Amino acid sequence: MSTNPKIHKHNVKGNNLIYSILLNTLITIAQVIGGIVSGSLALISDALHNFSDVLSLIFSLVAHKLSRRKASINHTFGYKRAELIAAFINASTLVIVAFILIYHAILKLMHQVPIESNLVIWLALLGIAVNGFSVLLLRKDAAHNLNMKSAYLHLLTDMLASVAVLTGGLLMKYYQIYWVDSLMTLLIAVYLIVVGFDLFLKSTKMLMLFTPDNIDIKDIIREVHQIKGVGKLHHIHVWHLNEEELHLEAHLDCADIKMSEFNDLLHEIEEVLYEKFNINHVNIQPEFQKVDPKDFIVQD
């Protein structure tokens, strides 16, 4: 396997996760107490989402630490896929929490009770401030790392949920529209499903070693076959090990050439694959008149 030296790795900061965990733990406790005292389901639902945030952030932190461990004899890839697993689990919890919120919102909608709106408003403001600060802490890392993006989305949706709770609190305070509490809960839940399912699909595709959406195998074949000295490229696999590492392995029909000549050929292939498709790990098996399936995609 060849690794392109030009691969760039963004330095993700795990300390930002620790700060976010502490802040979200405090806001969760405050919102649970406030929700019980005020009778606001939206506030309790926001607290439940915040609690899922705390769990997801802890899981993201553990995965982040594991992913930095070096490879060993028993773990030849190290723990590089730990963050993909964390992103998958965090996305799943977003969707699960959303359906729980929908269930309770419908129940509350059928049994309306007065709500202490002042407490709801102040705690919603606190939630916006705390989650907004946490979002700013993770924003840069989220652009480079799926695990951090899953944590970032948890916090972003929680900030938006607090905005929804604040809106509901103001409507309850000044217009006594108490059903808006359940409506805001439903809106929060729908948004969680939308963002959570998108992240769920992305992490699932990577874990299942699917060909990335932006990669067309036919384009790879077309580009490689233009290189002088290349025979047929076949038995092709392209997948993400993690977000930073895009791998390709394939068989390549060659003439009866020297090993040094194959090295030169391989170097050209690596350059094309990196420049055209950003593939930074290439594993090519050279073959000379070998009898094996020559299809581009071969079911092992």
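The residue numbers shown here count from 1 along each chain, following its written sequence. Local features in this predicted model are restricted to residues of pLDDT 70 or higher, and side-chain atom pairs are both shown and tallied only at a pLDDT of 80 or more, whereas totals for entire chains, interfaces and linings draw on every residue. To obtain the side-chain values, all non-hydrogen atoms of the structure were included, while hydrogens and water were left out.

Focus on the overall build of the protein
- Within the protein one finds eight helices and four strands.
- Secondary structure elements are defined from DSSP: runs of H or I of at least 4 residues count as helices, runs of E of at least 2 residues count as strands, and each element is numbered from the N terminus. For the protein, the α and β elements follow one another from N to C terminus as β-α-α-α-α-α-α-α-β-β-α-β.
- It is over C-alpha atoms that the radius of gyration is taken, and the globule rule equals 2.2 Å times the number of residues to the power 0.38. Computed over its C-alpha atoms, the radius of gyration of the protein comes to 25 Å, more than 25% above the 19 Å expected for a compact globule of 300 residues.
- Along the first, second and third principal axes, the C-alpha atoms of the protein reach 85 × 35 × 30 Å.
- Note on classification: 1.4 Å probe, protein chains only; a residue is buried when its accessible area is under 20% of the maximum for its type, exposed when over 50%, partly exposed between these limits. A buried classification covers 48% of the 300 residues belonging to the protein.
- Contacts: residue pairs with any heavy atoms within 4.5 Å of one another. For the protein, contacts bridging at least 24 residues in sequence account for 76% of all contacts bridging at least 6.
- Shrake-Rupley sampling with a 1.4 Å probe provides the accessible areas, and residues are treated as covered by the protein chains on show and by no other component. Here the protein has roughly 15500 Å² of accessible surface; of this, 65% comes from carbon and sulfur atoms.

Considerations on a nonpolar patch on the surface
- Residues enter a patch when their relative accessible area is above 30% and they make no salt bridge; the linking distance is 9 Å between like charges and 5 Å between nonpolar side chains (Val, Leu, Ile, Met, Phe, Trp, Tyr). Definition used for salt bridges: Asp or Glu carboxyl oxygen within 4 Å of a side-chain nitrogen of Lys or Arg. Together, Y103, I106, L107 and M110 give the surface a local cluster of nonpolar side chains, amounting to about 410 Å² of exposed area.
- Counting through the fold element by element, Y103 comes out in helix α3 (residues 82-110).

A short note on unusual backbone geometry
- One non-glycine residue, Q176, adopts positive backbone phi at about 55°.
- Tracing the backbone through its elements, the reader meets Q176 in the loop between α5 (146-175) and α6 (180-207).
- Residue classification places Q176 among the partly exposed positions, given a relative accessible area of 48%.
- The backbone of H235 sits at a positive phi, close to 50°, despite the residue not being glycine.
- By secondary structure assignment, the location of H235 is in strand β2 (residues 233-240).
- Residue classification places H235 among the buried residues on the basis of a relative accessible area of 14%.

Here we look at the confidence of the model for the protein
- Confidence scores here are pLDDT values: one per residue, from the predictor, ranging 0 to 100. With 93% of its residues at a pLDDT of 70 or more, the protein shows a mean pLDDT of 86.
- Across the protein, the element-wise mean pLDDT spans from 52 in strand β1 (residues 2-3) up to 97 in helix α7 (residues 217-224).

Observations concerning the pattern of salt bridges
- Evaluation of the coordinates by the stated rule reveals nine salt bridges.
- Here E245 makes a salt bridge to K80, at a shortest N to O gap of 2.6 Å. Taken together, the residues E245 in the loop between β2 and β3 (246-253) and K80 in the loop between α2 (41-67) and α3 connect sequence positions 165 residues apart.
- Exposure remark for E245: the relative accessible area of 2% places this residue in the buried category.
- Two residues, D219 and R222, come together in a salt bridge whose shortest N-O distance is 2.5 Å. Here R222 and D219 lie together in helix α7, a separation of three residues that amounts to about one turn.
- What makes D219 partly exposed here is its relative accessible area of 31%.
- In the salt-bridge network here, residues are joined through shared partners; they are D253, E287, K290, D292 and K294.

Overview of the nonpolar core
- In plain words, nonpolar cores are sets of buried Ala, Val, Leu, Ile, Met, Phe, Trp, Tyr and Cys residues tied together by side-chain atoms within 4.5 Å. Ranked by size, the top nonpolar core spans 25 residues in total, and within it I220, V238, L248, L252, L273, I279 and I284 carry the most contacts.
- Only α7, β2, β3, α8 (259-277) and β4 (281-287) provide two or more residues apiece to this core.
- Looking at this core element by element, the count peaks at seven residues for α8.
- In this structure I220 touches I215, L233, V238, L248, L273, F277 and I279, once residues within four positions along its chain are discounted.

What about α6?
- By this rule the span expected of a helix is its residue count minus one, scaled by 1.5 Å. Compared with an ideal rise of 1.5 Å per residue, which puts 28 residues at 40 Å, α6 spans 40 Å between its outermost C-alpha atoms and is within 8% of the ideal.
- Phi turns positive, to about 60°, at L209, one or two residues after α6.

Some points on the pairing of β4
- When DSSP finds at least two bridges between two strands, those strands are taken to pair. Taken together, the seven bridges between β3 and β4 define a ladder with parallel strand orientation. Among the inter-strand pairings, E249 is bridged to a residue of β4, identified as N283.
- For crossovers, right-handed means that the path from the first strand over the helix to the second runs clockwise, given strands pointing away from the viewer. Taken together, β3, α8 and β4 form a β-α-β motif whose crossover is right-handed.

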